[in-house]
Every structure is written in structure tokens, then in C-alpha cells.
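Inside the fold
Spelled out, the chains give:
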Amino acid sequence: MGEDEKNKKPKLKMAVYWGAACGGCCVSVLDVHEKLFDVVAAADLVFWPIALDFKYKDLKAMPDGYIDLTLYNGAIRNSENQHIAMLLRQKTKILVAYGSCAHMGGIPGLANFSTKEQIFDRIYCDTESTENPEKIKPQHIYKVPEGELELPIFYNDVMPLDQVVCVDYYLPGCPPQTERLLEVFMAIVNGSELPSKKTVIGAYEKSQCDECERKKTENKKIKKFYRPWEIEDDGETCFLEQGVICLGPATRGGCGTRCIKGNAPCRGCYGPPPDVSDPGAKMMSAIATMIDANDPEEIENIIEQIEDPAGTFYRFSLPGSILRRKVV
Amino acid sequence: MDFKPTIVSFLCNWCSYTGADLAGTSRMKYAPNIRIIRVMCSGRIEPTFILKAFREGADGVLICGCHPGDCHYHEGNYKCLRRFHLIQKYIQQMGINKDRLRLDWVSASEGKQFAELADEMTETIKELGPCEVKNTMEKLDKIC
């Protein structure tokens, strides 16, 4: 009887797509291991380029709102990413920005320190292993005797998903913790009440520090910043108290402090806690006050030890931050 | 047309705002480009405020607080000083000239100094020209 009821329940239609991504997010979906059977029992995967042979025309042929849940991972780097994002939005009931890149731009977003021209010059002309005397670069349209060849347009900027389409939920992480994905997935399958739209799901409200098991004191004082390789971590004291930059205070919990448990400081992939628009600015605010000096020159010398503030504090969030890109 | 810079200025309630008030009540003349926002302490000025000012079209940001040692909350201005140096390093990486962000100390009796500072900052920004942050953002918004 129970079995029959289960069979009657219509299966969820699910899609997974990658924009400008490394593929790690798609792998994190596969990381459900044997739970994949539960997923497949409850959902049909109707579109998933990394694993299944569907074509864009199949997606186009689906009626609007046909897909129940889409996990879009990766940032928007070119016109293909944007086109499919818009198409998926049209075909999907619940669109989730899955992973750091779709959430705030992620690692590909660091390209916003450069322009399209700089990137093309470097990649197609200047790299040490490139020989391209005629300086041939990819063109959007290229005419050949057989007709026209078309490549997607490479944008000057990287954008997170919500800068091109309306996003229902964000599931952060690089990649998101698989357990969190399963929780969210099961909640949708079981028809539980979902949180209000445009919120982060699959992560906690509090910061990493709240979850972190390392020994902490109230007043952190930093006289010197160290890169992780410059200091021997004692394995139990707060990284910041040892002078190693850890983005825990301005990063959402939910990952289970995986990096910290592996003795590496937090890099901020889970994005900012609720109500924080710019994680890097918050982190700079926090870390600057920990500097143990009042003399302007001494302060400057200590800050000089932070090699690359923009890259460190906005490692996963540059396109989603207030300034979004380098002004040129 | 003459470039008229917009300078957002965060003044602490206890010293600098009173100093600016003194400049006003003493009828001192200074450049009208400063837009004053009063905060309780220079230590309250988050980096987010500064970045948001640039994003919304400020050509410069001026922060004023109590002189070192004079903070109403003991060490708010030192916290501001530490943040200021870090933010300055960050905005340079983002392609914003560091002179567009300035921190100075103005006490409640330094109306004249405030007026001079406002003139000086306006001159600096006029020389630098308009800040391109807002334009860049508007162009970005047009892509999608």
C-alpha cells in the first residue's frame, strides 16, 4: 500500500547546469554516493550536461515551468551562460544558484580585475607556451566557405547568476557541502515549507567562528600577519590569533568548518552572513580593528604585510560585491 | 562645463561635526562640495559605507574624527585609522586613486581647519577629475 502510494506520487523534474564553473559543483551532486538512489527514486534528471546526453534543443522544447528544480552552478562569463540561464529560468519553478560562482561570482569572478582585452592578450598571445605571430584571437562570427561559424560572446565582466536572472534560492559553497544539498533536496521532495524566496538555503545564519572548535579569546590582537606557509600552526588556536588571515568572522557557517579542521584557514566560500551585502568589506572592517598598533606608521607597516587585500577578502565574491570590478 | 565634485564626508558627532558646525556658525566660507553625514564615532564608519559612497557616485570620501587620544569612546578613532589604511590599499587595487579617500582629525574647536580641509579636498578631487566607479557600474547593468 505504502509502496503504491509512493509510485503514484509524480516524480520531481530536476536539472543541473554549469556556467563558468570548474565542474566541482556537478561532482558535489554526484558525491551523494549511495543516496543517489534516493535522489533518482524521487526525481528525474531531465537536463545535466556533465552526466547525461541532453541537447539544448531538448531544453528549448520543454514547456515553461516544466522543470521543478534547477541547480545552476558557475558564473556568467559569456553569452552562452546567460542564454541558458535565461532559458532555464523560463523552464524552471525553483531556480537555485548553486555554489560560490553562481552565488557571488566565485573564483572565475577574480577575472574582474582584468578586462576582456587583457585576458585575450595574455591567453592567446603572451603566455610563455603560446606561439601566435599573427595574433589570432577567437571571433564571435567567423566566415568560412561553408557558411558562418559562431562562438558565444565573451563578456568583459563576470557576473553572478542573480545579475542576469531572478534567482529563487542560493546554496553557497565551493562546492556546497553535499549533506546540505541532500537536506534541501529532501525538503523539496517531501513538500516541506520552503523559506522565503531569495534567501540562502543549506547554510546557517551564524558565522564560521560560531561553529569553529579552535580556542578563541575575546580580544584578538595582531602584530604581524603571516602567510600560512610562514608559520607553524599549533593546530588548536584561532588562526587570526596566530596572525593568519582567516575569513571565518565574515563567512556563513554550514560547511562544517572543513578547511579549518584540515588546518587551513577559511577562505570565505560560503559567502556573507545574512544582511551583509559585501563580505570583503566586513572582513576588512573586522581584521583592521584587530591590528595591535595606534601609530599610523606602524599600522601601515602591519597592513603592508597583507599582500593582496582585494584577492584575499573577495576571493569568492568580487562580482557580487559593491564595487564588482576593477575600474579601468 | 566645470567639474563640480561630490565629496561625501563622514564626521564624528563629538569633535568633527561640532567643528564643522563651528565653521558654519562662524560664517566661514568653504567649498560647497562636501556632503556631510554625521555618525556617532569615526569608529562607526564601516568600509561598506565608503564603498557604497563611491558606488553611488561620490568623487571623494572624507572621514573626520577626534584627534588621537581624544575619542569620546576611547579608541574608536584608532579603529577608524586602521580600517582607513586597509581600505586605501583595497581601493587602489580596484583602480580608485588613493587620494579620493582621506582621513583627518578635526576637533570641536577647529572650525577653520575644517573649512580649509574641505577646500583642500575639493581641490584635490578637481585635479583628479570625476570618479569612474558609478559609470562603470551603469555600463555593467546595461549588459543584462
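Fair warning: this is a prediction, and the values are worked out from it, not measured in the lab. (Residues numbered from 1 in each chain as written. Chains lettered and ligands numbered in written order. Predicted model: local features only at pLDDT ≥ 70, side-chain atom pairs only at ≥ 80, totals over all residues.)

Concerning the overall build of chain A
For chain A, the helix and strand inventory stands at 13 helices and ten strands. Principal-axis analysis of the C-alpha atoms places the extent of chain A at approximately 65 × 65 × 30 Å. Of all intrachain contacts in chain A linking residues separated by at least 6 positions in sequence, the fraction that spans at least 24 positions is 75%. (Helix = DSSP H or I, 4+ residues; strand = E, 2+ residues; numbered from the N terminus. Contact = placed C-beta atoms within 7 Å.)

Comments concerning the overall build of chain B
The helix and strand tally for chain B stands at five helices and four strands. For chain B, the N- to C-terminal ordering of α and β elements is β-α-β-α-β-α-β-α-α. Over its C-alpha trace chain B gives a radius of gyration of 15 Å, about what one expects of a compact globule, namely 15 Å for 144 residues. On the principal axes, the C-alpha backbone points of chain B span a range of 50 × 35 × 20 Å. Out of the 144 residues in chain B, the part that is buried amounts to 51%. (Rg over C-alpha atoms; globule rule 2.2 N^0.38 Å. Buried ≥ 20, exposed ≤ 12 C-beta atoms within 10 Å, placed from the backbone.)

Examining the nonpolar core
Formed by 76 residues in total, the largest nonpolar core has its most connected members in Met284 of chain A together with Cys12, Phe54, Val61, Ile63 and Ile87 of chain B. Looking at this core, the element that brings in the most residues is helix α3 (residues 76-93) of chain B, giving eight residues. Residues Met14, Ala21, Val29 and Ile76 of chain A belong to the second largest nonpolar core, which totals 50 residues. (Core = buried A, V, L, I, M, F, W, Y, C linked by C-beta atoms within 7 Å.)

Considering helix α4 (residues 111-128) of chain B
Residues and elements named next belong to chain B. Taking 1.5 Å of rise per residue, 18 residues should cover 26 Å, and α4 covers 26 Å from first to last C-alpha, within 8% of that figure. Within the span of α4, buried status applies to Gly111, Phe114, Ala115, Leu117, Ala118, Met121, Thr122 and Ile125. End-on view of α4: buried residues confined to an arc of 160 degrees, all on one side of the axis. Next to the buried residues of α4 lie β1 (7-12), α1 (16-25), β2 (34-39), β3 (60-65) and β4 (101-105). Gly129 sits one or two residues past α4 and shows a positive phi near 85 degrees. (Expected span 1.5 Å × (residues − 1). Arc of directions from axis to C-beta.)

A look at the interface of chain A and chain B
Counting residues at the interface gives 28 residues for chain A, matched by 28 residues for chain B. Of all the secondary-structure elements, those providing two or more residues to the side of chain A that touches chain B are β8 (154-159), α11 (279-289), α12 (296-304) and α13 (309-313) of chain A. The class makeup of the residues in the side of chain A that touches chain B is 16 nonpolar, six polar and six charged. (Nonpolar A, V, L, I, M, F, W, Y, C, P; charged D, E, K, R; others polar.)

Focus: the packing of α11 of chain A against α3 of chain B
What describes two packed helices is the angle between their axes and the distance between those same axes. Contact pair α11 of chain A / α3 of chain B: the axes reach a minimum separation of 8 Å and the direction vectors enclose 130 degrees. Relative to α3 of chain B, the element α11 of chain A lies oblique. For α11 of chain A against α3 of chain B, the interelement crossing comes out right-handed. In contact with Met284, Ser285, Ala288 and Thr289 of chain A of α11 of chain A, α3 of chain B contributes Lys79, Arg82, Arg83, Leu86, Ile87 and Tyr90 of chain B. A class-by-class count of the residues in the contact of α11 of chain A with α3 of chain B yields five nonpolar, two polar and three charged. (Axes fitted to C-alpha atoms, helices over the stretch in contact; angles between N-to-C directions. Parallel < 35°, antiparallel > 145°, perpendicular 65-115°, else oblique. Left-handed = near helix turned anticlockwise from the far one by under 90°.)

What to know about the sheet that holds strand β3 (residues 67-73) of chain A
Sheets are built from strands paired through backbone hydrogen bonds, the pairs being either parallel or antiparallel. Residues and elements named next belong to chain A. One open sheet accounts for six strands, arranged β2-β1-β3-β5-β9-β10; its pairing is parallel. Two strands bound the open sheet, and with one partner strand each, they are β2 (43-47) and β10 (199-200). Two strands pair when backbone bridges link them, and β3 and strand β5 (residues 92-98) are joined in this way by six bridges, in the parallel orientation. Directly across from Asn73, in β5, lies its bridge partner Tyr98. Along the sheet, helix α5 (residues 79-91) contacts β1 (12-18), β3 and β5; its crossing angle with β5, the most-contacted strand, is approximately 140 degrees. Most of the contacts of helix α8 (residues 178-189) go to strand β9 (residues 169-171), to which it runs at about 150 degrees, and overall it touches β1, β3, β5 and β9. (Pairing = 2+ DSSP bridges.)

Regarding the packing of α12 of chain A against α3 of chain B
Interhelical geometry of α12 of chain A versus α3 of chain B gives an angle of 45 degrees and a closest axis separation of 10 Å. Compared by their axis directions, α12 of chain A and α3 of chain B come out oblique. By crossing handedness, the relation of α12 of chain A to α3 of chain B is classed as right-handed. Along the contact surface, α12 of chain A presents Pro296, Ile299, Glu300 and Ile303 of chain A, while α3 of chain B presents Leu81, Arg82, His85, Leu86 and Lys89 of chain B. Residue classes in the contact of α12 of chain A with α3 of chain B are distributed as five nonpolar, one polar and three charged.

What to know about the sheet that holds β2 of chain B
Residue and element names in this part refer to chain B. Read from one edge of the open sheet, four strands run β2-β1-β3-β4, paired in parallel fashion. A single partner strand is all that each edge strand has here, and the edge strands are β2 and β4. Within the sheet, the average angular offset between the axes of one strand and its neighbour, ignoring direction, is 20 degrees. Two elements, β1 and β3, share five bridges in a ladder whose sense is parallel. Each residue of the ladder has a partner; that of Phe10, found in β3, is Ile63. In this fold α1 packs onto β1, β2 and β3, with an angle of close to 115 degrees to the strand it touches most, β1. Strands in contact with α3 are β3 and β4; relative to β4, the strand with the most contacts, it is inclined by about 160 degrees.

A word on the domain arrangement of chain A
All names here are of chain A. Splitting chain A by domain gives domain 1 (9-108 + 158-200), domain 2 (114-155) and domain 3 (208-313). When each unit is reduced to the centre of its C-alpha atoms, the spacing between domain 1 and domain 2 is 30 Å. Taken together, the elements giving at least two residues each to the side of domain 1 that touches domain 2 come down to β4 (76-78) and α5. Of the residues assigned to the side of domain 1 that touches domain 2, the class counts are no nonpolar, two polar and two charged. (Domains from an automatic or database assignment.)

Concerning the environment of Lys116 of chain A
Within the secondary structure layout, Lys116 of chain A lies in helix α7 (residues 116-126). Remark: the alpha-carbon pair of Lys116 of chain A and Asp157 of chain A, spanning 41 residues in sequence, is separated by 7.5 Å.

Considerations on the environment of Val39 of chain B
Residues and elements named next belong to chain B. Checked against the element boundaries, Val39 lands in strand β2. The class of Val39 is buried, set by 20 C-beta atoms lying within 10 Å. Each C-alpha atom, one on Val39 and one on Asp59, is 20 Å from the other, the two residues being 20 residues apart in sequence. Aside from chain neighbours lying at most four places away, what touches Val39 is Phe10, Cys12, Asn13, Arg44 and Ile45.

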